[in-house]
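# Structural features, examined
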Amino acid sequence: MNNKFVTTRVGGLARTIITLLAAASSSSLLHQNLRPSSSSSSLVASAFSVTSIHTRSVTTSARRQYNRRSDNNRSNDNIIQRKRHINIIQPLKMSSSTTTTKNDATFANASATKNIPTFDGDEKAKATDFANYFSAYSQLYHQKQMLTDHNRMAAYHAAIVGNSQVFKDKVVMDVGTGSGILACWAAQAGAKRVYAVEYTDMAHHARNVVRANGLDHIVTVIQGAVEEVVLPEEDWEQFGLTLQEEEDEQQLLPDGTKDQRVVDIIISEWMGYFLLRESMLDSLVRARDTFLKPTSGLMMPSHATMMIAPIVDEEERKHQQNEYAAGMEDWKEFAETTSNLYGVDMSVLESNFDREQKEYYVLSSRWAELPTSCLLAECAVVKELDMHVCTVEDARGVGLSVGEDEGNGAPFDFDVVGRSYANEDDGGGLAGPISGFAGWFTVDFKSRTDDAGKDVAPQIPNPAYLSTGPEMGYTHWGQQVFHLPSAIPLLADQTTRIQGTLEMMRTKDSARLYNVRLRFSSSRRRTSSQDRDGDVLMKGKPEELVYQIP
């Protein structure tokens, strides 16, 4: 049987962007700030220049971390592939009073309703979204980097092939199929029909992979945004597509379109840095609501959890501080030279340069592969998601009030025990200091736990699990590290308490990028004290730090 394609409409502007990006990819233009001078290219230029593709996102500290892992024979470029097309959002301000130029507003990486552009964005927003986000995923180099993450691969393989009895004769959708490997596994596990949805031209490679593995009679690759996909009409009869309730077979939705909730299982590798970055969860939620059988359908992964923990990471923290200080010294020399040689005083710009440097070196999170020895306390959960019932509102961030860009935050409360002189020979306590916080996530592939589906949907006989925490070693997600401007020392026979909240919210100019606000205070008490709130020896002033996740 021939493979049937369904290609959703992509506007002319978006196609122009795709064509230009394909050329740029082969000529390394993606690693530069593209600013074509011709008027006919101004739209493309603006789409790129809103949030410049920043070569500096491959940081010196990251390279040093990667170099130290040479024993694992992983190249620096392979590790940092997800950071090759990163957009540094400036200025780093939460206030709605931040000045936005007309050009920035026109080409913001978000729709007018602050959704991801693939949902309700105009052609300009979609073109910007493709340039700043999707283009990286159309490269085989990038796909290979994810496919060689064996913790990732093993978890998905176990969840799909290890539960073949659940997949047998089922209709499956793979959202963001990439190379098509998850779709192939679903077909190999016994699915009768698999819809592999891919927005980028990676769809062409996925079709080749499907065909080469003799699965094109089961897997059909659909190129387009999942928000715009319509299942092939001929499949309803050919593959016996049915709604959950037979009597609702001809049901129409309120907008007059045909109910497409015929999919038994949705699989997707949608997770970004610290889970939410990239905002692919929005697309997944909308795919679930459009295609998945409401109470008998399964989501894989089924649950996701975000956590943070205090860490010691002084070498990297101090390195970033030194880079910031060196940058400012360089500026002062530059300003003096410019004044002496060319008679122009540039010192008026020093405060702006200082802000840029501080945002980049001090108030940006860093990718890391931390050893477990860096952890100073048990992690705290800051968000949990049930993929069967979570909403687009849940995807907006962490610790936010409904419909707002801020809130009370997700609470955390850590006790970090300093080294004990009495137990020094036993290694009791920690030397510290507290360098900052690390954030990561886990996902589960298990049976439904929500009230509507737990007694209706098939049970998962062999649950699977994926963690991106330090205990797992390398994953391409790693951990996101938020270094403190100044470390918090640990004192012998004293316990340092770090108590506060975390908020995570989308940036003003991109619905796919996030900022993190940490509010916290520290205090110390004698380790022998049983009262966490009493017998306080020291109480620091409250701190508030805002980081960008580049």
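Residues numbered from 1 in each chain as written. Predicted model: local features only at pLDDT ≥ 70, side-chain atom pairs only at ≥ 80, totals over all residues. Heavy atoms only, no water.

## Quick look at the overall build of the protein
Helix and strand counts for the protein stand at 17 helices and 18 strands. Relative to its full complement of 550 residues, the protein shows a buried share of 56%. Expressed as a percentage of contacts within the protein between residues at least 6 apart in sequence, the contacts between residues at least 24 apart total 76%. For the protein, the accessible surface area stands at approximately 23,300 Å², while carbon and sulfur atoms represent 49% of it. (Helix = DSSP H or I, 4+ residues; strand = E, 2+ residues; numbered from the N terminus. Buried < 20%, exposed > 50% of the residue type's maximum accessible area, 1.4 Å probe, protein only. Contact = heavy atoms within 4.5 Å. Areas by Shrake-Rupley, 256 points an atom, 1.4 Å probe, with all protein chains shown as cover.)

## Let's talk about the packing of helix H9 (residues 150–160) against helix H11 (residues 181–188)
The geometry of H9 relative to H11 is characterised by a closest axis approach of 9 Å and an angle of 25° between their N-to-C directions. It follows from the interaxial angle that H9 and H11 lie roughly parallel. The hand of the H9/H11 crossing is right-handed. Here Met153, Tyr156, His157 and Ile160 of H9 come into contact with H11, specifically with Ile181, Leu182, Trp185 and Ala186. When grouped by side-chain class, the residues that make up the contact of H9 with H11 number 7 nonpolar, 1 polar and no charged. (Axes fitted to C-alpha atoms, helices over the stretch in contact; angles between N-to-C directions. Parallel < 35°, antiparallel > 145°, perpendicular 65-115°, else oblique. Left-handed = near helix turned anticlockwise from the far one by under 90°. Nonpolar A, V, L, I, M, F, W, Y, C, P; charged D, E, K, R; others polar.)

## Brief notes about the packing of aromatic side chains
Using the criterion set out here, one finds 11 aromatic pairs in the structure. Between Phe414 and Phe437, the ring centres sit 6.4 Å apart and the planes meet at 40°, which makes this aromatic pair tilted. In this pair, Phe414 sits in strand E11 (residues 410–417) while Phe437 sits in strand E12 (residues 434–445), placing the two residues 23 residues apart along the sequence. Among the residues examined, Phe414 registers a relative accessible area of 2% and is labelled buried. You can call Phe437 buried: its relative accessible area is 1%. Here a set of aromatic residues connected by ring pairs shows up, and it is made of Phe412, Phe414, Phe437 and Phe520. Positioned above the aromatic ring of Trp236 is the side chain of Lys258, whose terminal nitrogen or guanidinium carbon lies 3.8 Å from the ring centre. Note that Arg366 overlies the ring of Tyr360, its terminal NZ or CZ placed 4.8 Å from the centroid. (Phe/Tyr/Trp six-rings, centres within 6.5 Å; stacked < 30°, edge-to-face > 60°. Lys NZ or Arg CZ within 6 Å of the ring centre and 35° of its normal.)

## Description of the confidence of the model for the protein
On average, residues of the protein score 81 in pLDDT, and 73% of them are at 70 or above. Note that pLDDT drops below 50 for residues 1–105; the model gives that stretch 201 contacts with residues more than four away or on any other chain. (pLDDT = per-residue confidence, 0-100.)

## Here's the deal with a negative patch on the surface
Taken together, the side chains of Glu329, Asp330, Glu333 and Glu336 present a region of like negative charge at the surface. Along the chain, Glu336 falls in helix H15 (residues 314–342). (Patch = residues over 30% accessible without salt bridge, like charges linked within 9 Å, V, L, I, M, F, W, Y side chains within 5 Å. Salt bridge = Lys/Arg side-chain N within 4 Å of Asp/Glu carboxyl O. Lys, Arg positive; Asp, Glu negative; His and termini not counted. Charge placed at Lys NZ, Arg CZ, Asp CG, Glu CD.)

## Side note on the pattern of salt bridges
Applying the stated rule across the entire model yields 24 salt bridges. The closest approach of N and O atoms between Asp282 and Arg506, which form a salt bridge, is 2.5 Å. Taken together, the positions of Asp282 in helix H14 (residues 280–291) and Arg506 in strand E15 (residues 494–506) put the pair 224 residues apart, joining distant regions of the chain. Take Asp282 and Arg506: they sit in the same class, and that class is buried. Salt-bridge contacts for Arg519 lead to Glu503; the nearest nitrogen and oxygen are separated by 2.4 Å. Of the two residues, Arg519 is situated in strand E16 (residues 514–526) and Glu503 in strand E15; the sequence distance between them amounts to 16 residues. Taken together, the shared-partner salt bridges in this structure form one network comprising Asp413, Asp415, Arg497, Arg525, Arg532 and Asp533.

## Re the packing of H15 against helix H16 (residues 350–361)
Across the interface, H15 lies against H16 with an axial gap of 9 Å and an inter-helix angle of 160°. By the criterion of interaxial angle, the relationship of H15 to H16 is roughly antiparallel. Both H15 and H16 take part in a crossing whose hand is right-handed. Judged by residue contacts, Gln320, Glu323, Tyr324, Gly327, Met328, Trp331 and Lys332 of H15 engage Glu350, Phe353, Asp354, Gln357, Lys358 and Tyr361 from H16. Split by residue class, the contact of H15 with H16 holds 5 nonpolar, 3 polar and 5 charged.

## Quick word on H14
The terminal C-alpha atoms of H14 lie 16 Å apart, and with 12 residues this matches the ideal 16 Å at 1.5 Å per residue to within 8%. Counting buried residues in H14 gives 10 out of 12 residues, a clear majority hidden from the surface. Those residues of H14 that fall on the buried side of the exposure criterion are Met280, Leu281, Asp282, Ser283, Leu284, Val285, Arg286, Ala287, Arg288 and Phe291. (Expected span 1.5 Å × (residues − 1).)

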